[in-house]
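Observations on the model geometry
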Amino acid sequence: MSLVEINFDGIVGPSHNYAGLSLGNIASTKHQGDASYPRAAALQGVAKMRGNLARFGAQGFFLPLPRPNHGLLQQLGPGAEAAPALLAAAWSASSMWTANAATVSPAPDTVDGKCHFTPANLVTMLHRAQEWPDTKRQLDIAFGNTDHFVVHDAVPPTFGDEGAANHMRLCASHGEAGVEVFVYGRPGGKFPARQHLEACRTVARLHGLAPERTVFIEQNPAAIEAGAFHNDVVAVANEDVIFAHELAFADRQGAYDAMRTAFPALQVVEVPDSAVSLAEAIRTYLFNAQLITRPQGGMALVVPDECRESTAVWGWLEEMLAGNGSIREVVPVNVRQSMANGGGPACLRLRVVADPATVDPRFLLDDAKADTIESVISQHWPEQIDPADLSNQTLEKCVVSARQALITALDLPELG
Ligand code: SUG
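Note that this is a predicted model, so its numbers are computed, not measured.

Basis of the calculations
- Residues numbered from 1 in each chain as written.
- Predicted model: local features only at pLDDT ≥ 70, side-chain atom pairs only at ≥ 80, totals over all residues.
- Heavy atoms only, no water.
- Phe/Tyr/Trp six-rings, centres within 6.5 Å; stacked < 30°, edge-to-face > 60°.
- Helix = DSSP H or I, 4+ residues; strand = E, 2+ residues; numbered from the N terminus.
- Buried < 20%, exposed > 50% of the residue type's maximum accessible area, 1.4 Å probe, protein only.
- Near = heavy atom within 4 Å.
- Polar contact = N/O pair within 3.5 Å; in protein donor to acceptor, adjacent residues only side chain to side chain.
- Areas by Shrake-Rupley, 256 points an atom, 1.4 Å probe, with all protein chains shown as cover.
- Nonpolar A, V, L, I, M, F, W, Y, C, P; charged D, E, K, R; others polar.
- Pairing = 2+ DSSP bridges.
- Axes fitted to C-alpha atoms, helices over the stretch in contact; angles between N-to-C directions.
- Salt bridge = Lys/Arg side-chain N within 4 Å of Asp/Glu carboxyl O.
- Contact = heavy atoms within 4.5 Å.

1. Points about the packing of aromatic side chains
According to the stated counting rule, one finds 11 aromatic pairs in the structure shown. Relative to Phe62, the ring of Phe8 lies with its centre 5.1 Å away and its plane at 15°, an arrangement referred to as stacked. Residue Phe8 is located in strand β1 (residues 4–10), and its partner Phe62 is located in strand β2 (residues 59–62); the two are separated by 54 residues in the primary sequence. The two residues Phe8 and Phe62 agree in class, both being buried. Measuring from centroid to centroid gives 5.3 Å for Phe8 and Phe143, while their planes differ by 75°, and the two rings are edge-to-face. Taken together, the residues span a long stretch of sequence, with Phe8 in strand β1 and Phe143 in the loop between α6 (132–142) and β5 (149–151) at a distance of 135 residues. Using a relative accessible area of 0% as the deciding quantity, one classes Phe8 as buried. On the basis of relative accessible area, Phe143 is assigned to the buried category, the value being 2%.

2. Some details on the site of the ligand
What surrounds the ligand is a group of 20 residues, the closest being Leu21, His127, Arg194, Asp232 and Cys347. Interatomic distance of 2.9 Å between a side-chain N/O atom of Asn25 and an oxygen atom of the ligand. In the model, an oxygen atom of the ligand is placed 2.9 Å from a nitrogen or oxygen of the Arg128 side chain. Relative to its unbound accessible surface of 490 Å², the ligand loses 99% to contact with the protein. Per-class residue counts for the shell around the ligand are 7 nonpolar, 10 polar and 3 charged.

3. Here's the deal with the sheet that holds strand β12 (residues 290–293)
Pairing within the open sheet is mixed, and its 3 strands lie in the order β12-β13-β14. What marks the edges here is a single partner per strand, and that holds for β12 and β14 (327–333). For this sheet the average axis-to-axis angle between neighbouring strands, irrespective of direction, equals 25°. The pairing of β12 with strand β13 (residues 299–304) spans 4 bridges and is antiparallel. Its bridge partner being in β13, Leu291 is matched across the sheet by Leu301.

4. Considerations on the pattern of salt bridges
Taken as a whole, this structure holds 22 salt bridges when the rule is applied. Residue Arg137 is joined to Asp134 by a salt bridge in which the shortest nitrogen-to-oxygen separation is 2.5 Å. Residue Arg137 and its partner Asp134 are both found in helix α6; the two are separated by 3 residues, about one turn of the helix. Each member of the salt-bridge network shares a partner with another, and the members are Arg50, Asp367, Asp371 and Glu374.

5. Section: the sheet that holds strand β3 (residues 102–105)
Here we have 3 strands laid out as an open sheet, ordered β3-β4-β5, and mixed in their pairing. Strands with a single pairing partner mark the edges of an open sheet, and in this sheet they are β3 and β5. Neighbour-to-neighbour, the strand axes of this sheet turn through a mean angle of 15°, independent of strand direction. With respect to the sheet, α6 is in contact with β3, β4 (115–119) and β5, its orientation differing from that of β4 by roughly 160°. The sheet contacts of helix α7 (residues 197–207) involve β3 and β4, and relative to β4 the element is tilted by about 145°.

6. Description of the environment of Asp112
Mapped onto the elements, Asp112 comes out in the loop between β3 and β4. Residue class for Asp112 comes out partly exposed when judged on its relative accessible area of 38%. Reaching out from Asp112, the side chain makes a polar contact with the side chain of Thr110 at a distance of 3.2 Å. Looking at Asp112, its side chain comes within polar contact range of the main-chain nitrogen of Lys114, at 3.1 Å.

Here you go:
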C-alpha cells in the first residue's frame, strides 16, 4: 500500500462565464460582465495538469457538473431566470475550483484508518451551494472503494463550509500521520466569512481526527477584507512547510505556536507585508500556489503567471530560491481564465493522499487521456460566452452536449 498525494483538478466546464457572483472575491467582481473563453479556459487547465503529471507524478481530475441547473431555477420560483444573477448562478461552472469540493483527511490521520471526504456545503454563495450533491455523486464513484474511503454528506447549514481551501495538513511525509489545520473566519466584517468554526469542528469529528493532531486557527479579518475569501489565498502548506503571508492569521504568533505544539518540526516560510503587500499577494495569487513535493527531493511552487509579472513578487521568489530552503523551484502556469474569477492553480485542485490503485482509474490522468480530454474540449466547448448569451437556447444545447461528449469519451455514463 503506497500512499501518495494525488491532485484532482476540476476540468473547466463549457459554461464558464464571468457573472460577478462572489462578493468579497475581488477578481470575480472586477471581471463581472466580461466575455469568457470556456475552450481556452479548459485547455489552460489541462495544460496545467499535463505539466504537473510530467513533473510530479499522480494526477486526477473531476468532470464539470451539469449546467444549466434548471432544478435550481425551479426552486427559485417561476420567472427566476429573468433575474440575471439567478440565471448566472444556474449556469456557473464554479465546480472547476475543486479545492472547494471537499475536505479530505488521509487514512493515517483518522481513527478508522480510512481516507475521509466531506463535500463542502458552500452555503454562503447561491451559485456554489448547488454543487455538493453532484460533487458527492462524483466522489462516491471515484472513491467508491469502501475498504479505503468514506464519503460523508455535507455539513448541515447554517455552518458554512468551503472545503480544503481552508484546510492545511502538516506531516513528515504524506503517508505518515499528520496534523490537520482548519482555518475559519469570524463573521461580521465587510465581506462574508465563508468558513465557520463550527463547520471545521464538525468535519474534524466526522473524520475521526485526534484532538491533539487537530488545530483551529482564525483567519485575519483584515485578510478577508482585502479579498482573501479563502485561506488558500494567503497560505499553503505541504509536509513540514507552511508558506504564508505575514497577515494571514488573526493572531500570527499564536497561530504558529499552535501549529508547532502539534507539529514541532514546522518550518515557516513567511512573506512580510513590507516585501509583498496583502493587496499585491491577492492580485497575483502568490499563495494560491501548489506547493508540491518533487520526486527528486525538495518542493516546487506552482504559481500563476501573474506572479512573474510582479516585480515585488518575482523579486521575493528569486531571493527565496537563492536562499536554498525547502522550496527549490518555482513553476509559473497560465490559468488566466480561471484567475479572472478568483481561481488560481491551488483553487483548481483537490489534494487526496491515497494509493492510486484504490481510486477508480477513470478519474486518473495519463497522457493518452489528456489527449482525449483536449480533443473533446477543442471540438465541443464554446469559444466565447457573453453574459447576454446565458438565455440562448443554442448555447444551452452546446453546453449540455459538450459535457455529454466528455462523459462518453471518459466512459463515465453514471454521470450522464
Ligand atoms: O468561490 N469564484 C470562486 C473562486 C473559488 C476559488 N477557490 C479557492 N480559493 N480555493 C468563488 O468565489 C466566481 C463566479 C462568478 O463570479 O461568475 C466564483 O465563484
